[in-house]
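# Summary of the model geometry
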Amino acid sequence: MPKITTAALLDMKKRGEKITALTAYDAPMTRMLNEAGIDVVLVGDSVGNVKLGYENTIPVTMDEMVHHTKAAKRGNSNALLVADMPYLSYHLSLDETRRNAGRLIKDAGAEAVKLEGGIEVAGTIKALADLNIPVMGHLGLMPQSIHKIGGYKIQGKTEVSREKMITDAKVLEGAGVFAIVLECIPEDLAEIITQKVSVPTLGIGAGSKTDGQILVSDDLLGLTLGPVPKFAKQYADLKTQISKALQQYHRDVKKEKF
Ligand code: KIV
């Protein structure tokens, strides 16, 4: 299988071939995603709520992102490996932003970084592009702004917010992103943005008119312990299977069957 690069994703958009993207936070899952042919592996800051027991993504640190990205890197072969920049790692100064993105690329082995925001992060994206660090944008529901938004709700429902998101997408494109995640927005808005920008869009809860889809692996595998977003189709029920296996192990050992 050929190595997926940012240029390969652009070609896929041009050809109309849908892009597959999923999260992973460790080597075995990254390896399985690669074996399934997934194009993009995202070490998301969702590691905070999915694996580290935090309530949301806000507490995730750079050290935690570096640790999990290093692990994913060891399992990666052909997919494009993208790492999230956690909250406050790209907000304080451009120098600190460069150092933090550099850690994910140089120390942890990511091939690109993702950060959330529209026009307000355009300068940040340019600064990273100047260091030859590919950046993926993220619009719509931005979990790092959860306290401001007040909940995991659909974004882009009013005319004003729709227009702002379209403008933000164009600004991100101009700043040099190689792709844009569109999270929890109406399908028709995702379609308009997808048509208006030349870079690929990856939807999550944004319908099927984007250039591809990105989901949290644990959601589609049935591993998530809390509520699963309605848009995440379940492809397996691993939580139930694991519970059954653990209970059987418990019974066997108690009965000296080992
Ligand atoms: O952190 C994350 O998992 C994300 C999603 C887009 C999948 O940002």
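Scroll up for the structure.
We now turn to the structure provided with this report. In this text, all values refer to a predicted model and were calculated from it rather than measured experimentally.

### Observations regarding the overall build of the protein
Broken down by element type, the protein carries eleven helices and eight strands. Whereas a compact globule of 258 residues would reach a radius of gyration of roughly 18 Å, the protein reaches 19 Å, a difference of no more than 12%. Seen through its principal axes, the protein has C-alpha atoms that stretch 65 × 40 × 40 Å. A burial count over the protein gives 50% of its 258 residues as buried. Taking as baseline every contact in the protein between residues at least 6 positions apart, the subset at least 24 positions apart corresponds to 59%. Accessible surface for the protein amounts to roughly 12,900 Å². Of this, 56% is attributable to carbon and sulfur atoms. The average position of the 32 basic charges and that of the 31 acidic charges among the side chains of the protein differ by 3 Å.

### Regarding the pattern of salt bridges
Inspection of every chain in the model, using the stated rule, returns twelve salt bridges. Note that Asp 95 is salt-bridged to Arg 98, the shortest N-O span being 3.0 Å. Within this pair, Asp 95 and its partner Arg 98 are both found in helix H5 (residues 94-107), separated by three residues, close to a single helical turn. Residue Asp 95 is classed as partly exposed on the basis of its relative accessible area, which comes to 47%.

### Remarks on the nonpolar core
Formed by 69 residues in total, the largest nonpolar core has its most connected members in Leu 104 and Ile 193. Ranked by residue count, the leading element in this core is helix H8 (residues 159-175), at five residues. With near-sequence residues (within four places) excluded, Leu 104 lies in contact with Met 62, Met 65, Val 66, Thr 69, Ala 83, Asp 84, Met 85, Gly 109, Ala 110 and Val 113.

### A closer look at the packing of helix H2 (residues 27-35) against helix H4 (residues 62-75)
As a packed pair, H2 and H4 sit with axes 7 Å apart at the nearest point and diverge in direction by 40 degrees. Taken together, the axes of H2 and H4 lie oblique to each other. Judged by the sense of rotation from one axis to the other, the crossing of H2 with H4 is right-handed. Taken together, the residues of H4 that come into contact with H2 (itself represented by Ala 27, Thr 30, Arg 31 and Asn 34) are Ala 71, Ala 72, Arg 74 and Gly 75. Of the residues in the contact of H2 with H4, the class split is three nonpolar, three polar and two charged.

### Here's the deal with the pairing of strand S1 (residues 19-23)
For S1, a buried count of four out of five residues is recorded, marking the element as mostly surrounded by other parts of the structure. Relative to strand S8 (residues 212-215), S1 runs parallel, the two sharing four bridges. Across the sheet, Ile 19 pairs through a bridge with Gly 212, a residue of S8. Handedness of the crossover is the feature at issue here: the chain leaves S1, passes through H2, returns alongside strand S2 (residues 40-43), and the resulting connection is right-handed.

### Remarks on the packing of H4 against H5
At a closest axis distance of 9 Å, the pairing of H4 and H5 adopts a crossing angle of 20 degrees. The angle between H4 and H5 places the two elements in the roughly parallel class. As H4 runs across H5, the sense of the crossing is right-handed. Here Met 62, Asp 63, Met 65, Val 66, Thr 69 and Lys 70 of H4 lie close against H5, whose contacting residues are Asn 100, Arg 103, Leu 104 and Asp 107.

### Notes on the sheet that holds S8
Spatially, the eight strands close up into a barrel ordered S1-S2-S3-S4-S5-S6-S7-S8, and their pairing is parallel. Ignoring which end each strand starts from, the neighbouring axes of this sheet average 25 degrees apart.

### Topic: the site of the ligand
Close to the ligand lie Thr 23, Leu 42, Gly 44, Asp 45, Ser 46, Asp 84, Lys 114, His 138, Val 181, Ile 204 and Val 216, which account for all nearby residues. A distance of 3.1 Å separates an oxygen atom of the ligand from a polar side-chain atom of Asp 84. Residue classes in the shell around the ligand are distributed as four nonpolar, four polar and three charged.

### Some remarks on a nonpolar patch on the surface
The grouping of Tyr 87, Leu 88 and Leu 92 at the surface amounts to a nonpolar patch, some 280 Å² of accessible area in total. Looking at the element boundaries, Leu 88 is found in the loop between strand S3 (80-84) and H5. On the basis of relative accessible area, Leu 88 is assigned to the partly exposed category, the value being 39%.

### What to know about the environment of His 67
Relative to the assigned elements, His 67 resides in helix H4. Taking the C-alpha atoms as reference points, His 67 and Ala 27, 40 residues apart in sequence, are found 11 Å from one another.

Thresholds, definitions, all that
Throughout, a residue's number is its position along its own chain's written sequence, starting from 1. Where local features are concerned, this predicted model is filtered to residues with pLDDT of at least 70; where side-chain atom pairs are given and counted, the filter is 80 or more; whole-chain, interface and lining totals use all residues. The side-chain figures draw on all heavy atoms in the structure; neither hydrogens nor water molecules are used. Strands here are runs of E lasting at least two residues and helices are runs of H or I lasting at least four, both read from the DSSP assignment and numbered beginning at the N terminus. What the globule rule says is 2.2 Å times the number of residues to the power 0.38, and the radius of gyration is computed from C-alpha atoms. A 1.4 Å probe rolled over the protein chains alone gives each residue an accessible area, and that area as a share of the maximum for its type sets the label: buried under 20%, exposed over 50%, partly exposed in between. Note on contacts: a residue pair qualifies if any of its non-hydrogen atoms lie within 4.5 Å across the two residues. Per-residue and other accessible areas follow the Shrake-Rupley method at a 1.4 Å probe size, with only the shown protein chains counted as cover for residues. Neither His nor the chain termini are counted; the positive set is Lys and Arg, and the negative set is Asp and Glu. Note on charges: their place is set at NZ of Lys, CZ of Arg, CG of Asp or CD of Glu. Salt bridges are identified by distance alone: a Lys or Arg side-chain nitrogen within 4 Å of an Asp or Glu carboxyl oxygen. For this analysis, a nonpolar core means a set of buried residues of the types Ala, Val, Leu, Ile, Met, Phe, Trp, Tyr and Cys, connected via side-chain atoms within 4.5 Å. Axis lines are fitted to C-alpha atoms, over the contacting stretch for helices. Their N-to-C directions set the angle, which ranges from 0 to 180 degrees. Any angle that falls under 35 degrees is termed roughly parallel, while one over 145 is termed roughly antiparallel, one within 65 to 115 roughly perpendicular, and all others oblique. Should the near helix be turned anticlockwise from the far one by less than a right angle, the crossing is left-handed, and should it be turned clockwise, the crossing is right-handed. By the convention adopted, Pro, Cys, Tyr, Trp, Phe, Met, Ile, Leu, Val and Ala count as nonpolar, Lys, Arg, Asp and Glu as charged, and the other residues, Gly among them, as polar. If DSSP finds at least two bridges between two strands, the strands pair. The crossover handedness rule: strands pointing away from the viewer, path from first strand over the helix to second strand clockwise, crossover right-handed. Nearness here has a simple test: a residue counts as near a molecule or strand if at least one of its heavy atoms is within 4 Å of that partner. Any N or O atom pair separated by 3.5 Å or less is treated as a polar contact, with the protein-specific requirement of one donor-capable and one acceptor-capable atom, and with residues adjacent in sequence counted only for side-chain atom pairs. Nonpolar side chains (Val, Leu, Ile, Met, Phe, Trp, Tyr) within 5 Å and like charges within 9 Å form the patches, drawn only from residues with over 30% relative accessible area and no salt bridge.

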